[in-house]
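Tertiary structure, described
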Amino acid sequence: MTAVASKKSSTTRKTSLYRLRTAGAGSSEDLASMVVPHYLERDGFHAATVEHGPLRGLLISGTIAPGAADWCATLAALSGLTVQEENRTSLGLLLVRTDRAVYALSYGMGHLMIDPARIDPGFGIEFAVRCLDKDRITKVRRQIMDARGRTDENSATAGEHIRGFGIEEFGEIVSQISGQITEVPLTFTRDSGRAAHVTGTDRSVKLHLGSSPIDLVEDLHSIEKVCSRPNPLPEFEFIPQVRPLSPKSERAQQLDARLDALLGTGDTSRMALAVPSECKERFEFAEAFRLRLAGRNEFVAGLDVADLVEAVRTRAQGQRLTTLRAGRVEMFADTDATDRLSRKVPADQWLNAEIPDGPVHYFYWQGQWYEVGAEYLTTIRRRVSELLAQPATVILPPWPWGIAEADYNKKAAEQEGYALLDKDTIHTERLRGGGLEIADVLGPQGQLIHVKQTDSRKGTAPLNHLFAQGRVAVETLRYDLVAREKFLAKLDGLAPDHPADRSFTALTVVFGILLKDGEPLTVDSLFAFAQVSLLHTATALQGMGAKLEIVSIGREPAN
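Parameters at a glance
Residues numbered from 1 in each chain as written. Predicted model: local features only at pLDDT ≥ 70, side-chain atom pairs only at ≥ 80, totals over all residues. Heavy atoms only, no water. Helix = DSSP H or I, 4+ residues; strand = E, 2+ residues; numbered from the N terminus. Contact = heavy atoms within 4.5 Å. Areas by Shrake-Rupley, 256 points an atom, 1.4 Å probe, with all protein chains shown as cover. Lys, Arg positive; Asp, Glu negative; His and termini not counted. Charge placed at Lys NZ, Arg CZ, Asp CG, Glu CD. Core = buried A, V, L, I, M, F, W, Y, C linked by side-chain atoms within 4.5 Å. Buried < 20%, exposed > 50% of the residue type's maximum accessible area, 1.4 Å probe, protein only. Patch = residues over 30% accessible without salt bridge, like charges linked within 9 Å, V, L, I, M, F, W, Y side chains within 5 Å. Salt bridge = Lys/Arg side-chain N within 4 Å of Asp/Glu carboxyl O. Phe/Tyr/Trp six-rings, centres within 6.5 Å; stacked < 30°, edge-to-face > 60°. Lys NZ or Arg CZ within 6 Å of the ring centre and 35° of its normal. Pairing = 2+ DSSP bridges. Axes fitted to C-alpha atoms, helices over the stretch in contact; angles between N-to-C directions. Disulfide = S-S within 2.5 Å. Polar contact = N/O pair within 3.5 Å; in protein donor to acceptor, adjacent residues only side chain to side chain. Parallel < 35°, antiparallel > 145°, perpendicular 65-115°, else oblique. Left-handed = near helix turned anticlockwise from the far one by under 90°. Nonpolar A, V, L, I, M, F, W, Y, C, P; charged D, E, K, R; others polar. 1 Å grid on protein atoms, 1.4 Å probe; cavity = no way out; pocket = protein on both sides within 12 Å on 5 of 7 lines; lining within 4 Å. Points joined across faces, edges and corners; volume = space filled by probe spheres on them.

Observations concerning the overall build of the chain
Counting its regular elements, the chain contains 13 helices and 26 strands. Expressed as lengths along the three principal axes of its C-alpha atoms, the size of the chain is roughly 95 × 55 × 50 Å. Relative to all contacts within the chain whose residues are 6 or more apart in sequence, the contacts with residues 24 or more apart total 67%. Accessible surface, the chain as shown: approximately 26,400 Å² in total, 48% of it carbon and sulfur. Each charge class in the chain can be summarised by its mean position, and for the 65 positive and 73 negative side chains these summaries are 4 Å apart.

Quick word on the nonpolar core
Core analysis: the largest hydrophobic core is formed by 54 residues, its most contacted members being Phe511, Ile513, Leu534 and Leu548. Those elements that place two or more of their residues in this core are strand S18 (360-365), strand S19 (368-372), helix H9 (374-389), helix H11 (461-479), helix H12 (481-494), strand S25 (508-514), helix H13 (528-543) and strand S26 (547-552). Broken down by element, the residue count for this core peaks at 8 residues, all from H13. Ile162, Leu207, Leu209 and Val226 belong to the second-largest nonpolar core, a separate cluster that totals 40 residues.

So, a nonpolar patch on the surface
Where nonpolar side chains cluster on the molecular surface, the patch consists of Trp71, Leu75 and Leu78 and spans about 330 Å² of accessible area. By the element assignment, tryptophan 71 lies in the loop between strand S3 (55-68) and helix H2 (72-79). Residue tryptophan 71 is classed as partly exposed on the basis of its relative accessible area, which comes to 40%.

Brief notes about the packing of aromatic side chains
The tally for this structure, following the rule as stated, stands at 11 aromatic pairs. Ring geometry for tyrosine 39 and phenylalanine 45: centres 5.6 Å apart, planes at 50°, overall tilted. A network of ring pairs unites the aromatic residues Phe283, Phe289 and Trp350 as a single cluster. Lying across the ring of tryptophan 401, arginine 555 places its NZ or CZ 4.2 Å from the centre.

Digging into the sheet that holds strand S16 (residues 345-346)
What links the strands of a sheet is backbone hydrogen bonding, and the strands pair in either a parallel or an antiparallel sense. Taking strand neighbours across the sheet as the criterion, the 4 strands line up as S14-S13-S15-S16 in an open arrangement whose pairing is antiparallel. Edge positions in the open sheet fall to strand S14 (296-300) and S16, since each of these has one partner strand only. Pairing between strand S15 (residues 328-332) and S16: 2 bridges, direction antiparallel. Its bridge partner lying in S16, arginine 328 is registered against proline 346. Docked against the sheet, helix H7 (residues 305-312) engages strand S13 (288-293) and S14, running at close to 20° with respect to S13.

Examining the state of the cysteines
A complete count under the given rule lists 0 disulfides for this structure. Cysteine cysteine 131 is unpaired, with the sulfur of cysteine 227 as its nearest cysteine sulfur at 7.9 Å. Assessed through its relative accessible area of 1%, cysteine 131 is described here as buried.

Description of the pattern of salt bridges
With the rule as written, the count across this model stands at 19 salt bridges. Of the charged contacts in the structure, one is a salt bridge between arginine 325 and aspartate 348, with a shortest N-O distance of 3.9 Å. Taken together, the residues arginine 325 in helix H8 (residues 320-326) and aspartate 348 in the loop between S16 and strand S17 (351-357) connect sequence positions 23 residues apart. Residue class for arginine 325 comes out partly exposed when judged on its relative accessible area of 32%.

Focus: the environment of threonine 98
With respect to the secondary-structure elements, threonine 98 resides in the loop between strand S4 (86-97) and strand S5 (102-108). Note on threonine 98: relative accessible area 12%, which makes it buried. Here the alpha-carbon distance between threonine 98 and valine 217, two residues 119 residues apart in the chain, equals 8.1 Å. For threonine 98, the side chain forms a polar contact with the main-chain nitrogen of arginine 100, separated by 3.1 Å. Polar contacts involving the side chain of threonine 98 include one to the side chain of glutamate 224, which spans 2.6 Å.

Here's the deal with the pairing of S14
Bridge count between S13 and S14: 5 bridges; the pairing is antiparallel. For leucine 291, the partnering residue across the bridge sits in S14 and is glutamate 298. In textbook terms, the turn of a hairpin is the stretch between consecutive antiparallel strands, and for S13 and S14 this stretch comprises 2 residues, one of which, alanine 294, has a positive phi near 55°.

Details of the packing of H9 against H13
Contact geometry for H9 and H13: axes closest at 10 Å, N-to-C directions at 60°. Considering the angle they form, H9 stands oblique to H13. Classified by chirality, the crossing of H13 by H9 is left-handed. Across from Ile380, Arg381, Arg383, Val384 and Leu387 in H9, the residues of H13 making contact are Gln531, Val532, Leu534, Leu535 and Ala538. A breakdown of the residues in the contact of H9 with H13 according to their chemical character gives 7 nonpolar, 1 polar and 2 charged.

A closer look at the sheet that holds strand S12 (residues 271-273)
Read across the sheet, 5 strands follow the order S11-S19-S18-S17-S12 without closing on themselves; strand pairing throughout is antiparallel. The sheet terminates laterally at strand S11 (242-244) and S12, the two strands that pair on one side only. Neighbour-to-neighbour, the strand axes of the sheet open up by a mean angle of 25°, direction not taken into account. Summarising the sheet, S11 and S19 pair through 3 bridges and their orientation is antiparallel.

What to know about the layout of surface pockets
For the second largest pocket, the calculated volume is near 640 Å³. Secondary-structure elements contributing two or more residues to the lining of the second largest pocket are helix H3 (123-128), S19 and H9. It is H9 that contributes the most residues to the lining of the second largest pocket, 4 residues altogether. Looking at the lining of the second largest pocket residue by residue, the class counts come to 11 nonpolar, 5 polar and 9 charged.

Here's the deal with the environment of lysine 14
For lysine 14, the location among the structural elements is in strand S1 (residues 12-20). Using a relative accessible area of 44% as the deciding quantity, one classes lysine 14 as partly exposed. Look past the residues within four positions of lysine 14 in its chain and what remains in contact with it is Lys206, Leu207 and His208.

Encoded structure:
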């Protein structure tokens, strides 16, 4: 009879690890206060103090058995047979205290027992970007803030360089990154002889941790040493500069209160109209908006941030942001509001807001708060300053007082070699029948000049619209054959001898901006999200082979 060797018990187990917020290093807070009270009181759940070797903490475990699975009746009806199966969900949570912090190890659905306000949202990314092998990244999930506003997830099973994932340095939030780590002494690498693989998210780290008290404590100490490194690895420096806050966190609730108070003042200097992710592609073609907010049900030809703020400004303190979240906005492609372009999108998702707090800034975007570090803002300001400092190849005259944008465009087009395109739209199937202005004025070398006047009431909504218009114009000329042919036909009719490049392979886009009353265009006069939008536009245009120039239009001296 051949003896069967018993399976060797594993020295590690893949575990989700959370770092919890406490009153500070060495805090002696009751660990039970970090658990959702419901689970501590629930029948069948047990909490016990842990003092096992070097390990000190609290263990909570239990099983939820709500009864028959909800799919039993469906299967019984389909098969004609009796189906009686029960859902059982197990939860395990071990809270461990070290000299530096409190950690939560989750098993099964144990993470549900952690008080969400206690979860440190920066921990997972903070650890990962300090130890990942830049050449062995296997997955990246990111949220694009101010371009198309979508969530992208890309995988590379064998791992590749971080640059291979095409992460945009500005205006993107990396919420998950996975890969192999290097030079971190862990039980797994010691006992298996293999490189450890980790997944860092905006809430936790998933990795193999030691299965004995001594090994686990040593692994936690190794993780703490990594997190104490002053800076991320150079290839990942930009990632932790922007991070989302949990809506249930204490900080997010404090920011909700500050935004609610700001809405009550009516001051929109730190607010702007946002275009929600799902509306981005069709926003350029919207001719009407339906606003259902604070008892109002009306159609407006153009939507700006003041419409949202004024609707809730007089609401009681604590009710303004709630009212905004309950409101809805729809887009339509026609002025009669019969051709719907979007669903009823929550009104607060149309709002950007900035709340500064010392060197750190917080932004409300798409219904969620984000924390932006000082270094990130410094980098953005530097890049925007570089864009603004680049010389322009066109001349835009001072803007006379009292004239509208259309009249200014005519004045600019009177210069030799320039041509007026304002309101001269083209229509194609790709544009859903809507009209698109390729530019307001054509420059002497074929520059596509887009002009915009802004004022304090409208904030940066006109600028965001301007940037989007420039990007869409280039996309249309490059990728829509019908639109290109129609534009060339219009150009031949307007200025048949114009030296513009009719192949559209080397386009130059110019944004001519009159800011407020002729105030110079600088990083200090641009709302932070407008800066991010500008950088995204610059990157998008560069990717299509187009150059970007920016001209700050001054005011003509008053008589």
